[in-house]
Amino acid sequence: MANTNARILSTGRAYPEGVLTNADLEKLVETSDEWIISRTGIKERHKAADGEYTSQFAVRAAQQAIERARIDPSEIDLLICATVTPDQILPSTGCLIQAELGAHRAAAFDLAAACSGFLYGLTLANQMIRGGQARYALVIGAEVLTRYVDYTDRSTCVIFGDGAGAALVGASEGDERGILGTRIRSDGRYAEQLYAPGGGTRLGITADNVNSGQHYFRMKGNELFKVAVRSMADVSREVLEEAGYKGEDVKLFIPHQANQRITDAVANNLKVDSGIVYSNIAMHGNTSSASIPIALDECVEQGRISEGDLVLLASFGGGVTWGSVLMRW
Ligand code: ACO
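Since the model is a prediction, treat every value here as computed from it, not as a measurement.

A. Examining the overall build of the chain more closely. In terms of regular secondary structure, the chain is built from 11 helices and 13 strands. Along the first, second and third principal axes, the C-alpha set of the chain runs to 55 × 45 × 35 Å. For the chain, with 329 residues in total, the buried portion stands at 56%. Long-range pairs, those at least 24 residues apart, make up 77% of the contacts in the chain with a sequence separation of at least 6.

Right, dumping it as structure tokens:
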């Protein structure tokens, strides 16, 4: 099975029923619908209820992808759950999802690369399939970010939402379809641009640390903005050039949904037509690792992707991490 292409065979998505609108946020912090829409493009975001947790959405998204690929869960060799909001510290959310799905033959684990987690996972799945070590790989991005959001901090609480997306990746032997190129990067020198100091071994899980909100996300949005635009555009251009393509050749561009202004700036930088850039930020906000697989599933459902289309994915997230994947659908 060596030298086969890997391609996404099917997708799925799920999110909580609960929705937090800009009007709801106006009641919590000093902000306005107008400010949020003009600075981010976000109108509402899904928010998990008390008692809901990450793997529940991951399992629902994964089940859709598995059903659509018409395979049995026992055929899955690799299960990657990209998340920074796991169900619990041990075992991995990947293993919990594996048990729920009945994917008993898979190697399951979590991957922490924030908003780039799905593209990191897709890159690993691609290599395992191309190397003949996996026939089917399930790559999931799933988050309940709102659990780590401080609803007194207006600079972060308007941004994040919850959800999950999944892609079933399989071998695509002897045809032109599949993943043409991947590139993933990180730079830990920018770690403090988006981070949560508490919740791990560095600051113990003490009442003091929890009460002072050490587990909440902190973000230097303005600085991230500039790095995000530059990194996503550069890495996408590298992947395109390496595969012999230009921005003009792309039929669908799905960037990580972080902020509408970031999306517009990256698209502009890459010279891709605005009509082929997908955005769902208005309805979901930033769902970190879930954003790209959710968007991909929506594009499939809406008939925005046809067989043979060149599809470009790009991400940027805490770490900082970034990456790009180019595929022929
Ligand atoms: N409502 C009203 N005013 C606000 C709000 C709010 N929700 N949030 C911030 N402000 C104020 C600030 O206090 C500031 O006021 P001041 O000028 O009096 O000090 C003013 O608005 C401007 O603040 P900026 O931070 O400069 O606003 P900016 O235009 O940069 O928008 C935002 C902020 C939306 C966070 C933007 O920087 C952004 O989206 N950055 C990227 C963030 C991102 O992508 N993060 C995630 C990447 S990684 C991942 O996805 C996990």
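Don't stop here, the text continues.
B. Molecular detail of the domain arrangement of the chain. Split into domains, the chain comes out as domain 1 (5-175) and domain 2 (179-328). Measuring from the centre of the C-alpha atoms in domain 1 to the corresponding centre in domain 2 gives 13 Å. In this assembly, 53 residues from domain 1 lie in contact with 45 residues from domain 2. Considering only the side of domain 1, the residues that lose the most area to domain 2 are Arg 13, Cys 115 and Leu 119, jointly responsible for 18% of the buried surface there. Linking domain 1 with domain 2 are 4 salt bridges, by the criterion used here. For Glu 301, the salt bridge goes to Arg 13, with nearest N and O atoms at 3.1 Å.

C. Representation of the pairing of strand β6 (residues 136-144) in the model. Within β6, 9 of the 9 residues are buried, which leaves it mostly tucked inside the rest of the structure. Here β6 shows two buried faces, one formed by Tyr 136, Leu 138, Ile 140, Ala 142 and Val 144 and the other by Ala 137, Val 139, Gly 141 and Glu 143. Here strand β4 (residues 78-82) runs beside β6; their pairing, made up of 5 bridges, is parallel. Bridged to Leu 79 within β6 is Leu 138. Here β6 runs beside strand β7 (residues 162-172); their pairing, made up of 9 bridges, is antiparallel. Within β7, the residue paired with Ile 140 across the bridge is Ala 166.

D. Expanded view of the site of the ligand. Lining the immediate environment of the ligand, one finds 25 residues, of which Arg 39, Cys 115, Asn 222, Asn 259 and Asn 286 sit closest. Contact between the ligand and Asn 259: an oxygen atom at 2.5 Å from a side-chain N or O atom of the residue. Against a free-state accessible area of 1000 Å², the protein chains account for coverage of 74% of the ligand. Contributions of two or more residues to the shell around the ligand are made by α2 (33-40), α6 (154-157), α8 (221-242), α9 (260-270) and β12 (310-317). With 4 residues, α8 is the largest single contributor of residues to the shell around the ligand. Taken together, the residues of the shell around the ligand sort by class into 11 nonpolar, 10 polar and 4 charged.

E. Broad picture of the sheet that holds β6. An order of β1-β7-β6-β4-β5 is seen for the 5 strands of this open sheet, with the pairing classed as mixed. Each edge of the open sheet is held by one strand with a lone partner, namely β1 (5-14) and β5 (107-111). Averaged over all neighbouring strand pairs, the angle between strand axes comes to 20°, with direction disregarded. Against the sheet, helix α3 (residues 54-69) makes contact with β1, β6 and β7, and its axis sits at roughly 130° relative to β1, the strand it touches most.

F. Focus on the sheet that holds strand β11 (residues 252-255). Taking strand neighbours across the sheet as the criterion, the 4 strands line up as β8-β13-β12-β11 in an open arrangement whose pairing is mixed. Each end of this open sheet is capped by a strand with a single partner; those strands are β8 (178-186) and β11. Strand-to-strand twist across the sheet, computed as the mean angle between neighbouring axes with direction ignored, equals 10°. Relative to β12, β11 runs parallel, the two being bridged by 4 bridges. Following the sheet pairing, Leu 252 is matched in β12 by Val 311. With respect to the sheet, α8 is in contact with β8, β12 and β13 (321-328), its orientation differing from that of β12 by roughly 145°.

G. A look at the nonpolar core. With 42 residues, the main nonpolar core has Phe 253, Ile 262, Val 266, Val 272 and Phe 316 as its most contacted residues. Elements that contribute at least two residues to this core include exactly α8, α9, β12 and β13. With 10 residues, the top contributor of residues to this core is α8. Lining this core are residues from two domains, each supplying at least three of them: domain 1 (5-175) and domain 2 (179-328).

H. Summary view of the packing of α8 against α9. The interhelical angle for the contact between α8 and α9, taken along N-to-C directions, is 40°, at an axis separation of 9 Å. Relative to α9, α8 is oriented so that their crossing is right-handed. Together, Phe 225, Ala 228, Val 229, Met 232, Ala 233, Ser 236 and Arg 237 of α8 and Arg 261, Ile 262, Ala 265, Val 266, Asn 269 and Leu 270 of α9 make up the contact between the two elements. Partitioning the contact of α8 with α9 into residue classes produces 9 nonpolar, 2 polar and 2 charged.

I. Quick look at the environment of Asn 259. Within the element layout of this structure, Asn 259 appears in the loop between β11 and α9. Beyond its immediate sequence surroundings of up to four residues, Asn 259 is in contact with Arg 39, Thr 40, Phe 225 and Ile 281. Among the polar contacts listed, one links the side chain of Asn 259 to the backbone oxygen of Arg 39, at a separation of 3.0 Å. Separated by 2.7 Å, the side chain of Asn 259 and the backbone nitrogen of Arg 261 make a polar contact.

Here is what the cut-offs are and how they apply
- Residues numbered from 1 in each chain as written.
- Predicted model: local features only at pLDDT ≥ 70, side-chain atom pairs only at ≥ 80, totals over all residues.
- Heavy atoms only, no water.
- Helix = DSSP H or I, 4+ residues; strand = E, 2+ residues; numbered from the N terminus.
- Buried < 20%, exposed > 50% of the residue type's maximum accessible area, 1.4 Å probe, protein only.
- Contact = heavy atoms within 4.5 Å.
- Domains from an automatic or database assignment.
- Buried area = accessible area lost by both parts, 1.4 Å probe.
- Salt bridge = Lys/Arg side-chain N within 4 Å of Asp/Glu carboxyl O.
- Pairing = 2+ DSSP bridges.
- Near = heavy atom within 4 Å.
- Polar contact = N/O pair within 3.5 Å; in protein donor to acceptor, adjacent residues only side chain to side chain.
- Areas by Shrake-Rupley, 256 points an atom, 1.4 Å probe, with all protein chains shown as cover.
- Nonpolar A, V, L, I, M, F, W, Y, C, P; charged D, E, K, R; others polar.
- Axes fitted to C-alpha atoms, helices over the stretch in contact; angles between N-to-C directions.
- Core = buried A, V, L, I, M, F, W, Y, C linked by side-chain atoms within 4.5 Å.
- Left-handed = near helix turned anticlockwise from the far one by under 90°.

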